[in-house]
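Architecture at a glance
Below, each chain spelled out in residue letters.
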Amino acid sequence: MPLRVTNHEFKLLRDLIEDKCGITLNQDKTYLIENRLSALVEKTGVKSFGDLYLTLKTSSQNEGLMDLMVDAITTNETLWFRDQYPYEILINSLFPVLYKKISERKRSKINIWSAACSTGQEPYSIAIKALEYYRGKGDEASCYEQVNILGTDISHSAISQARRGRYDMAEMQRGLPQDYKNSYFKRVGNKWDVVDSIKRLVTFKEYNLKYLMNGTLGPFDIIFLRHVIIYFSDSFKEALFDKISRMLLPKGYMFLGIGETVQGYSNAFDTNANKRGIFYQLK
Ligand SMILES: C[S@@+](CC[C@H](N)C(=O)[O-])C[C@H]1O[C@@H](n2cnc3c(N)ncnc32)[C@H](O)[C@@H]1O
């Protein structure tokens, strides 16, 4: 049975979590603190959530503990080619436009950012589609010269796994077609490693969207900001879209998750809704 959190402890931890990573927890999320942070209370050797808060707050040497708290509180749920439509839009609309710009010497690179990439399935899915697109053009070598994909996430453990590119059976079964499994993964015991021809296209970095600073990343042609703003407050969403809009190149593209929208938070984007799904383009 998990340890119980008092109202006071809940408020302290909720404010600390929002301050640290922008994730907002309503009062009905006490179970989340209890379920996800009980193990950390035990590991830290303290007796209550209040003591855990004080330990996190007072010791400057607690970066490691803070990382563990962020890891425990974030939801890293993800899958390969999630919702499919972003990848169809990449192949059918965005890669052709950007590839043409490169052949006309208006651009030299395609820079793509997966801004909350969890354990890496999203940026690797993008990389597979990019390589397929260039192979279809008979121009595989240019893919490695022209396409840069950056995957970032706040979670230390998620980024470590993403960088390693190793997945278990359950993860492999989530959205990955069999022919991609055969072509782009190498079996290692009961796990699968992403092959180097895909890994080379992607770099990973721990990055907290709460502390996004102009000029530190980008600019990008395409940003995937999927299934993450749902956890953020309205004011954080507004500030984040403002910064994201400055990190996109003119007429750059952005994908949000299903059920996520810029409406009410930003006027910087046009909504592009086609039969495949919705994506946004900088005005
Ligand atoms: C539900 S996953 C979505 C993963 C992927 N984008 C997808 O759509 O499948 C949400 C991710 O957002 C990350 N996250 C939450 N708050 C964040 C923040 N402040 N900065 C960066 N990443 C954050 C979590 O660690 C988690 O990996």
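Owing to the predicted nature of the structure, the values given are computational and were not obtained by experimental measurement.

**Re the overall build of the protein**
Across its full length, the protein holds 12 helices and 10 strands. The globule rule puts the C-alpha radius of gyration for 283 residues at 19 Å, and the 20 Å found for the protein is close to it. Within the protein, contacts between residues at least 6 apart in sequence are counted, and of these 73% link residues at least 24 apart.

**With respect to the site of the ligand**
Among the 25 residues in the neighbourhood of the ligand, the closest are listed as Thr74, Thr78, Ala116, Ser118 and Leu209. Along the lines of polarity and charge, the residues of the shell around the ligand split into nine nonpolar, 10 polar and six charged. When residues of the shell around the ligand are sorted by domain, at least three fall in each of domain 1 (7–73) and domain 2 (85–282).

**A closer look at the domain arrangement of the protein**
Each assigned domain of the protein is listed here: domain 1 (7–73) and domain 2 (85–282). The C-alpha-based centres of domain 1 and domain 2 are spaced at 30 Å. Of the residues belonging to the side of domain 1 that touches domain 2, the class tally is three nonpolar, two polar and two charged.

**Some remarks on the environment of Lys29**
Along the chain, Lys29 falls in the loop between α1 (7–21) and α2 (30–44). Remark: the alpha-carbon pair of Lys29 and Phe10, spanning 19 residues in sequence, is separated by 9.0 Å.

**Re the packing of α2 against helix α3 (residues 49–58)**
Two elements in contact, α2 and α3, have axes separated by 10 Å at closest approach and are oriented at 70°. On the basis of their axis angle, the class for α2 and α3 is roughly perpendicular. For α2 against α3, the interelement crossing comes out left-handed. Between α2 and α3, the residues in contact are Ile33, Leu37, Leu40, Val41 and Thr44 and Phe49, Leu52 and Thr55, respectively.

**Focus on the sheet that holds strand β4 (residues 185–188)**
Read across the open sheet, the three strands follow the order β3-β5-β4; overall the sheet is antiparallel. Bordering the open sheet on either side are β3 (166–168) and β4, each of which pairs with just one other strand. Adjacent strand axes in the sheet meet at a mean angle of 35°, parallel and antiparallel pairs treated alike. Two elements, β4 and strand β5 (residues 191–194), share four bridges in a ladder whose sense is antiparallel. Across the sheet, the residue bridging to Phe185 is Val194, located in β5.

**Section: the environment of Thr55**
Counting through the fold element by element, Thr55 comes out in helix α3. Its 16 C-beta neighbours within 10 Å are what place Thr55 among the partly exposed residues. For the pair Thr55 and Leu32, spaced 23 residues apart in sequence, the C-alpha separation works out to 20 Å.

**Let's talk about α2**
Across its 15 residues, α2 extends 20 Å between first and last C-alpha, which sits within 8% of the 21 Å expected from 1.5 Å per residue. Maximum bend of α2: about 45°, positioned at Leu37. Every buried residue belonging to α2 is among Ile33, Leu37 and Val41, and all of these are buried. Buried residues along α2 sit against α1, α3 and α4 (63–73). One or two positions beyond α2, positive phi appears at Gly45, with a value near 80°.

**A word on unusual backbone geometry**
With an omega of 5°, the peptide bond between Gly218 and Pro219 qualifies as cis. Here Pro219 is to be found in the loop between β6 (202–206) and β7 (220–225). Of note, Asp83 is a non-glycine position whose phi angle comes to about 65°, a positive value. Tracing the backbone through its elements, the reader meets Asp83 in the loop between α4 and α5 (85–103). Residue Gln84 is not a glycine yet carries a positive backbone phi of 60°. Here Gln84 lies in the loop between α4 and α5. Since 13 C-beta atoms lie within 10 Å of it, Gln84 is described here as partly exposed.

So, how was this worked out
- Going along each chain's sequence as written, the residues are numbered from 1 onward.
- Selection of residues for local features in this predicted model requires a pLDDT of at least 70, selection of side-chain atom pairs for listing and counting requires 80 or more, and totals for whole chains, interfaces and linings are taken over all residues.
- Runs of H or I in DSSP of at least four residues are treated as helices and runs of E of at least two as strands, each being numbered from the N terminus.
- Throughout, the radius of gyration refers to the C-alpha atoms, and the reference size of a globule is 2.2 Å times the residue count to the power 0.38.
- In this description, a residue-residue contact is defined by the distance between C-beta atoms placed from the backbone, which must lie within 7 Å.
- Using a C-beta atom placed from the backbone for every residue, we mark a residue as near a molecule or strand if that atom lies within 6 Å of it.
- Under the convention adopted here, Pro, Cys and the residues Ala, Val, Leu, Ile, Met, Phe, Trp and Tyr are nonpolar, Asp, Glu, Lys and Arg are charged, and Gly plus all remaining residues are polar.
- Residue ranges labeled as domains rest on an automatic or database domain assignment.
- A fitted line through C-alpha atoms serves as each axis, taken over the contacting stretch for helices, and the angle formed by two N-to-C directions is quoted from 0 to 180°.
- To sort the angles, those under 35 degrees are grouped as roughly parallel, those over 145 as roughly antiparallel, those from 65 to 115 as roughly perpendicular, and the leftovers as oblique.
- Handedness of each helix crossing follows the sense of rotation of the near helix against the far helix: counterclockwise by less than a right angle gives left-handed, clockwise gives right-handed.
- What makes two strands pair is DSSP finding at least two bridges between them.
- Here the C-beta atoms are placed from the backbone, and a residue counts as buried if at least 20 other C-beta atoms lie within 10 Å of its own, exposed if 12 or fewer do, and partly exposed otherwise.
- Helix span is expected to be 1.5 Å times the residue number reduced by one.
- At any given residue, the bend is defined as the angle formed between two axes, one fitted to the seven residues that end at that position and one fitted to the seven that begin there.

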